[in-house]
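# A structural walkthrough
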Amino acid sequence: MSKFDEKAGELLKNAALAAGAFEMFDQEKTDRIVEEVYKAGFDARISLAHMACEETGLGVFEHKVIKNVLATQVVYEDIKNEKTVGIISEDEHSGITEIAQPLGPVLAVIPVTNPTSTVMFKILISLKTRNPIIISPSPRAAKCCSEAARICYEAALRADAPEYCVQWIEEPAIELTQALMAHRGVAMILATGGPGLVKAAYSSGTPALGVGPGNVPVFIDESADIPYAVRTIILSKTFDNGTICASEQAIVVEKKIVDRVRSEFKKQKCYFLNPDETAKVEKVAVDPKTGLMSPSVVGQPVELIASLAGISVPPETKIIIAEQEGVGAAYPLSGEVLAPILAFYVRDDLKSAIKTCIELNYLGGLGHTASIYANNDERINEFAEIMNAGRIVVNTPSAQGAVGGIFNELHPSFTLGCGTWGKNITTENVTAHHLLNIKRICRRRDNLKWSAFPTEKYFDESLSADDLLMEFHKNY
Amino acid sequence: MIECRVDKASRTMFCHFPTKKMDTNASTEADKEFLKSFNEGGVDKIVFDLEGVTYVASGFLRLCVSAAGKVEKGKFSVIHTDPQIMKVYKIAGLDSLLNVS
């Protein structure tokens, strides 16, 4: 047995103790713990944001604070009244009673892009459902994640939560994460991270709720309020320097409005790269070997990206925009880059524009998020119908919109399901109710049609389906 | 229904589909007509122009695959697809093979 197997065994032994103790907790006691944890996490929002910025070197401090607020206050408001213990619903008419049970120990894999916020979010939804949780952070965010977990754990203990209800790995190692993923004591993996990690979670044999990569196309329709659309896109794409996987990646517009869109982006301090500059940015933003975004630009400000690329941009540039002809490997910036860089497509007509959005969607963002700016319901529905995305955000900053809780009524979440398109099992924003085993008491309620039907008729081959159906529904 | 014409200079066969709904029956008929035209010879490249086509049945996808098999790789293409039709090719995993645009 390797030292990693031993460590995994120890963590799971402790988690099992906590899971056992949690069985005795009622809703009130559970909710008290969640409230205490949320408050502690919320109170630490600023110090944790500092730590996350310093340790990871990614993003924007103020935005990390907002993410921590989202992960604590907004998530708490969303789940606080949810029934998660014992009987959660009873329907006298159907005779079905639903009883919530915990899953058991949850392994939470945490990405470097949203570290402390994802830790607190996952702890809150796990404790709300009486599941012990083990935090496995990205090695690049181990300290801030450990601190976030420690703060939450101590708060939980103050509210009489079971010992070991929150555990964390201070020195992450791939081998340990793998050992934990495959350990039979883990009930569920909450896998937020890159495609490799999510695949590892799904391949481990343990049930997993994962995420898929995003490649968010934004269609600006001719009916859109263009200055508003541009302002909102900038608000979203610059949020934490673009680290949210639901942030906009490519703008698609029809030729007839392109001048207005382009001039609005310029007016609002975005910079359109020329072909030479685009080639330079491509080289630093995308790894030519893998075709995936380069870690050196993820979550970085425009000035730094420009300097890495050896180009100069006007002062206070918010986003750099690269006009693209096509989608695919020959156009590196048509893929996902979590940085303030946008691809920009101009198409002759509506059909071509929508087809480009489909191409972008299929390039690497299937199931994630698509965005549209329009003031035409028919157009919005047409777009939504055709895009394979778990979330189609309308006239909304896609980063914050997809995460939910602020600009819409989606459950606030840091784990955005992408359905089978993204190799996930749900298209929903993952939240507390995904961490429950729900049992159903099924009291007898006879199907009266079945009771009245002479079932011997099923053995008469001369009777057709229509004959039997008529008999089945007779007198109803 | 299918209308095929061959551009002798480029040895390209252009096919249009005035029947906007390429259901199973229309695809079967189109298949026969296509083969008749193709077998007259002189074709190295095939272009299916789907301008105006709003529905394709699996029989039509089959026709595309079979037509693509009659020319060298990369010499068959489907153009002017409606977005919804393009998605059908994508879901079927045929968009690259058939050069759908």
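In every chain, residue numbers begin from 1 and rise along the written sequence. A letter from A marks each chain and a number from 1 marks each ligand, given out in the order of writing. Owing to the predicted nature of the model, reporting of local features is limited to residues with pLDDT of at least 70; listing and counting of side-chain atom pairs is limited to 80 or more, with chain, interface and lining totals taken over all residues. Only hydrogens and water are set aside; all other atoms, that is, all heavy atoms of the structure, feed into the side-chain values.

### So, the interface of chain A and chain B
- Taken residue by residue, the interface counts ten residues in chain A and eleven residues in chain B.
- A 1.4 Å probe defines the accessible area here, and the buried area is the portion of it lost by two parts on being joined, summed over both. Summing the contributions of chain A and of chain B, the shared interface buries around 950 Å²; its carbon and sulfur component is 59%.
- If you sort the residues of chain A by the area they bury against chain B, K351, K355 and Y362 of chain A come out on top, with a joint share of 54%.
- Every case where a carboxyl oxygen of Asp or Glu lies within 4 Å of a side-chain nitrogen of Lys or Arg is listed as a salt bridge. Viewed at the interface, chain B and chain A are joined by two salt bridges.
- With its nearest N and O atoms 3.0 Å apart, the salt bridge here joins K90 of chain B to E359 of chain A.
- Each polar contact in these results corresponds to two N or O atoms within 3.5 Å; when the atoms are within protein, one needs to be able to donate a hydrogen and the other to accept it, and residues that are neighboring in sequence are counted only if both atoms are side-chain atoms. The interface formed by chain A and chain B holds five residue pairs in polar contact (both at pLDDT 80 or more) in total.
- Secondary structure elements with two or more residues in the side of chain A that touches chain B: helix 13 (350-364) and helix 14 (377-386) of chain A.
- Only DSSP runs of H or I reaching four residues or more are called helices, and only runs of E reaching two or more are called strands; each is numbered from the N terminus. Take the side of chain A that touches chain B: its biggest share by element is six residues, from helix 13 of chain A.
- Residue composition of the side of chain A that touches chain B, grouped by class: five nonpolar, one polar and four charged. Whether two residues are in contact is decided by their heavy atoms: any pair within 4.5 Å suffices. As a working rule, the residues Ala, Val, Leu, Ile, Met, Phe, Trp, Tyr, Cys and Pro are called nonpolar, Asp, Glu, Lys and Arg charged, and the rest polar, with Gly in that last group.

### Here we look at the environment of V253 of chain A
Residue and element names in this part refer to chain A.
- Secondary-structure assignment places V253 in strand 9 (residues 248-254).
- Separated by 36 residues in sequence, V253 and P217 have C-alpha atoms that sit 11 Å apart.
- Leave out the neighbours within four places in its chain, and V253 touches I220, V258, V261, F344, Y345, V346 and R347.

### With respect to the sheet that holds strand 2 (residues 96-102) of chain A
Residue and element names in this part refer to chain A.
- Two strands qualify as a pair provided DSSP detects at least 2 bridges between them. Strand order in this open sheet of three strands is 1-2-15, and the pairing throughout is antiparallel. Of all strands in the sheet, those with a lone pairing partner are strand 1 (86-91) and strand 15 (436-442), marking the two edges. For this sheet, the mean inter-axis angle between neighbouring strands, taken without regard to orientation, is 25°.
- Bridge count between strand 2 and strand 15: seven bridges; the pairing is antiparallel. Paired with E98 across the two strands is R440, which belongs to strand 15. Working convention: axes come from line fits to C-alpha atoms, limited for helices to the stretch in contact. Angles between N-to-C directions cover 0 to 180 degrees.

### Considerations on the sheet that holds strand 8 (residues 216-220) of chain A
Residue and element names in this part refer to chain A.
- The parallel open sheet is built from seven strands, whose spatial order is 10-11-12-9-8-13-14. Each edge of the sheet is formed by a strand with only one pairing partner; in this case those strands are strand 10 (270-272) and strand 14 (389-394). Each strand axis lies, on average, 25° off the axis of its neighbour in the sheet, ignoring direction.
- With respect to the sheet, helix 13 is in contact with strand 8, strand 9, strand 12 (341-347) and strand 13 (367-373), its orientation differing from that of strand 9 by roughly 165°.

### Quick notes on the pattern of salt bridges
Residues and elements named next belong to chain A.
- On inspection of all chains with the given rule, the structure shows 27 salt bridges over all chains.
- Among the ionic pairs, R150 bridges to E147, the shortest N-O distance being 2.6 Å. Linking R150 with E147, this pair stays in helix 6 (residues 142-158), spanning three residues, or about one helical turn.
- On the accessibility criterion, R150 (28% relative accessible area) is partly exposed.
- One network of salt bridges, in which partners are shared, links K64, K67 and D240. Classification of residues uses two cut-offs on accessible area relative to the type maximum, computed with a 1.4 Å probe and protein chains only: under 20% is buried, over 50% is exposed, and between them is partly exposed.

### Some words on the packing of helix 11 (residues 275-285) of chain A against helix 12 (residues 302-309) of chain A
Residue and element names in this part refer to chain A.
- Between helix 11 and helix 12, the shortest axis-to-axis distance is 8 Å and the interhelical angle comes to 100°. In this view, helix 11 runs roughly perpendicular relative to helix 12, as classed from their interaxial angle. Residues K280, V281 and V284 of helix 11 form the contact with helix 12, whose participating residues are I305, L308 and A309.
- Residue classes in the contact of helix 11 with helix 12 are distributed as five nonpolar, no polar and one charged. Throughout this description, any angle smaller than 35 degrees is read as roughly parallel, any larger than 145 degrees as roughly antiparallel, any in the 65 to 115 degree range as roughly perpendicular, and the remainder as oblique.

### Here we look at the environment of K355 of chain A
- Tracing the backbone shows K355 of chain A in helix 13.
- A relative accessible area of 10% places K355 of chain A in the buried class.
- On a C-alpha basis, the gap between K355 of chain A and H368 of chain A in space is 17 Å, while along the polypeptide they are 13 residues apart.
- If sequence neighbours within four positions are ignored, K355 of chain A has contacts with H80, T81, D82, P83, M86 and S101 of chain B.

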